[in-house]
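Examination of the molecular architecture
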Amino acid sequence: MAEHAEQAGNSAPDAGAPVMTASLDTSVRQFIAEVGADPTRLLDVALAVQKRFGFVSAEAIALITKRLGLHAVEVEDTVSFYAFLDRAPRGAFRIRLSKSPVSLMKGAASIAAAFEAALGISMGETTPDRKFTLQWTNDIGMADQEPAALINSTVMTDLTEADIPGIIAALRKRPGGEDPFPVKPTVRQSHLLAGPLLADPFTQGAAIRAALARSPDAVIEEITRSRLRGRGGAGFPTGMKWRFTRKSAGSDHIVVCNADEGEPGTFKDRVLLTDYADLVLDGMTVAGYALGGRQGIIYLRGEYTYLSEQLQANLQSRRANNLLGAGICGQAGFDFDIRIQLGAGAYICGEESSLLESLEGKRGAPRDRPPFPTEHGYLRQPTAIDNVETLACAARIMVNGADWFAGIGTKESTGSKLLSVAGDCARPGVYDVPFGITINELLDLVGAQDAAFVQNSGPSGQAVAPKDFGRQIAYEDLSTGGSTMIFNAGRDVIDIARQCMDFFVEESCGWCTPCRVGTTLLKQGMEKVVAGRATRTDLQALEAMAGTVSRMSRCGLGQMAPNPVLTTMRDFPEVYEARTRPELFVPTVSLQDALREAAAIRYPTPALAGA
Ligand SMILES: Cc1cc2nc3c(=O)[nH]c(=O)nc-3n(C[C@H](O)[C@H](O)[C@H](O)COP(=O)(O)O)c2cc1C
Ligand code: SF4
């Protein structure tokens, strides 16, 4: 999915030597016991096998199939879908270098070359001793500190060419596996402009106590009055979502925190989960109370595995402080707990119905709707799926009240928005700014003097040209999930659009033809434009194809995938004009006229006329 196919030389599945078989069998039994032999926890079992053995062999699949009571096809289907699960052995150290637009502009190509030189292999290959696999991957949520790479589950950021020989030398001395290695300091604290959401200190449990002073219906009413809209991109009113979920019948009501954060350029949820987890976890517990639910699940993208330990510690301290578990804060009957579900490297799993499939251990393919998750979500129970930031907002609203929140921002977009800002600017980071801020004001804040365009809301959003820098970031104008990539005049807007198409091609789940085939055709079309080989006719065909993909695709990924093409064509026509070349063959003779002339010829004799 998100990664390039592996090269030959190491594709033989595990042959299953006797010793290996015994240890595999014991491990699979253990992993299955850890999830209570629940077949819907297949993804956890497969991830555990991957971590322990480096891949999920045919033998492992057979054991999992038998012990979880699934069909082999179901297990194969899941294992083959996710980028972080392998069917064949790879290097003990898996180096995944980010190729997001920001990473590439910050020099990822020369970092790749430095890795290739140090390892003696090319991108996509594994060293003969199976110690290292080197490959590109899509955005890993580090746009403020690119170039960045994942080495197994350790993130290395701000890479320079000079770092690479030292990193490889240090890794050569280690056996491999998942243990952290002190080769280079990892993720650093982001630059942060704390505003309405983040500036005030927050005490663990404050929002839960404030919620418990109200009835569940009154909590939903408070959220509704605040006019909070979902921060994941679509902007659906959160109060309404919670009300629908509460009203739906089910044996449980589930709260899911969507921490899949896969849109290239965004990293604000990473910062929230790192430094403001109490706001988010309080928000989830408030939602649990409002919905009358017992289970909360954080779907944490696989690239953020490094965060799971500190989140688990926070959950543990909450259990110890009676903020999770039975009778929360002494309230009889309020029983709620939260678990973490790790993702496995698939952008589509951020889409809420694919996320539910993934939570149930299946491949992340979108579901048909209706029924909506609020009615039939996780395990067919009513489920509210909320973005990380949405839940943090809900916690603040509980403490500060709906009027406070509704007094910030614009008429249709209340509160503040966390913007992940990266690219050509002096101060990349997270900006907690009231909705309504203009692009110009934002560029001043982040120190971007020469912006030639801003990619608002990532590849799924739009490229904003300088003529529109006076526009506001708000649902009623430029809406955004948070990704804000800035590019100065030296950058090629068409090439960035091509890179965005590359991303969608790799992340399409492949279920429907318009998206699976259409994104590839759009990418090829953009490659032609970038190479200066496209004509006006090609551009017209590209535009028509983009319209078809957006109209005919089954889910949001395919519907939004043509945006890089369509928005750059609309707002940067002069750049396309300068890139196109004249039609190769412009007919000067009309075929119809020529035929008319031929038909009019009068032959002198019947024999010559062919009569
Ligand atoms: C392809 C795709 C990827 C998405 N990725 C995310 C994501 O990473 N995080 C997120 O919160 N929402 C994501 N969404 C939106 C979710 O489907 C859903 O609208 C959101 O989680 C609802 O939460 P909210 O109402 O708080 O925004 C994605 C949607 C699509 C179509
Ligand atoms: S639009 Fe793309 S991602 Fe969505 S179902 Fe179709 S193929 Fe899958």
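Just so you know, these numbers come straight off a predicted model, no measurement behind them.

Okay, the pairing of strand β8 (residues 337-342) next. Strand direction decides the pairing type here: strand β7 (residues 295-300) and β8, joined by six bridges, are parallel. Note on β8: the bridge partner recorded for I298 is I340. In this region the chain leaves β7, passes through helix α13 (residues 308-320) and returns to the parallel neighbour β8; the handedness of that crossover is right-handed.

Glancing now at the packing of aromatic side chains. For the structure shown, the criterion picks out ten aromatic pairs. One aromatic cluster in this structure is built from Y347, F503 and F504. R301 extends its terminal NZ or CZ atom over the ring of Y304, reaching a point 5.3 Å from the ring centre. We note R554 situated over the ring of W511; from NZ or CZ to the ring centre the distance is 3.7 Å.

Backbone torsion omega between R369 and P370 reads -5°, so that peptide bond is classified as cis. Checked against the element boundaries, P370 lands in the loop between α14 (352-359) and β9 (383-387). Residues other than glycine seldom take positive phi values, yet C329 does so here, at roughly 55°. Mapped onto the fold, C329 is located in the loop between α13 and β8.

Bringing the pattern of salt bridges into the picture now. Going through the model one piece at a time under the given rule, you end up with 42 salt bridges. Residue D269 pairs with K268 through a salt bridge whose shortest N-O separation is 2.9 Å. On the basis of relative accessible area, D269 is assigned to the buried category, the value being 3%. The partner of K268 in a salt bridge is E389, and the shortest N-O contact between them spans 2.8 Å.

Thresholds, definitions, all that
- Throughout, residues of each chain are indexed from 1 in the direction in which the sequence is written.
- Chains carry letters and ligands carry numbers; both start at the beginning, A for chains and 1 for ligands, and go up in the order they are written.
- In view of the model being predicted, local features appear only for residues whose pLDDT reaches at least 70, and side-chain atom pairs are presented and counted only at 80 or more, with totals across whole chains, interfaces and linings using the full set of residues.
- Side-chain measures here rest on the full set of heavy atoms in the structure, leaving out hydrogens and waters.
- Strand pairing is defined by DSSP finding a minimum of two bridges between the two strands.
- A run of H or I in DSSP becomes a helix once it reaches four residues, and a run of E becomes a strand once it reaches two; helices and strands are each numbered from the N terminus.
- A right-handed crossover is one whose linking path, passing over the helix from the first strand to the second, runs clockwise when the strands point away from the viewer.
- Centres within 6.5 Å make a pair out of two Phe, Tyr or Trp rings, where for Trp the six-membered ring is used; the pair is then stacked when the planes are under 30 degrees apart, edge-to-face when over 60, and tilted otherwise.
- Note on criteria: charge over ring means Lys NZ or Arg CZ within 6 Å of the ring centre, with the direction from the centre no more than 35 degrees off the ring normal.
- In the sections that follow, a salt bridge refers to a side-chain nitrogen of Lys or Arg positioned within 4 Å of a carboxyl oxygen of Asp or Glu.
- Relative accessibility under 20% of the residue-type maximum defines a buried residue, over 50% an exposed one, and the middle range a partly exposed one, all with a 1.4 Å probe and only protein chains included.

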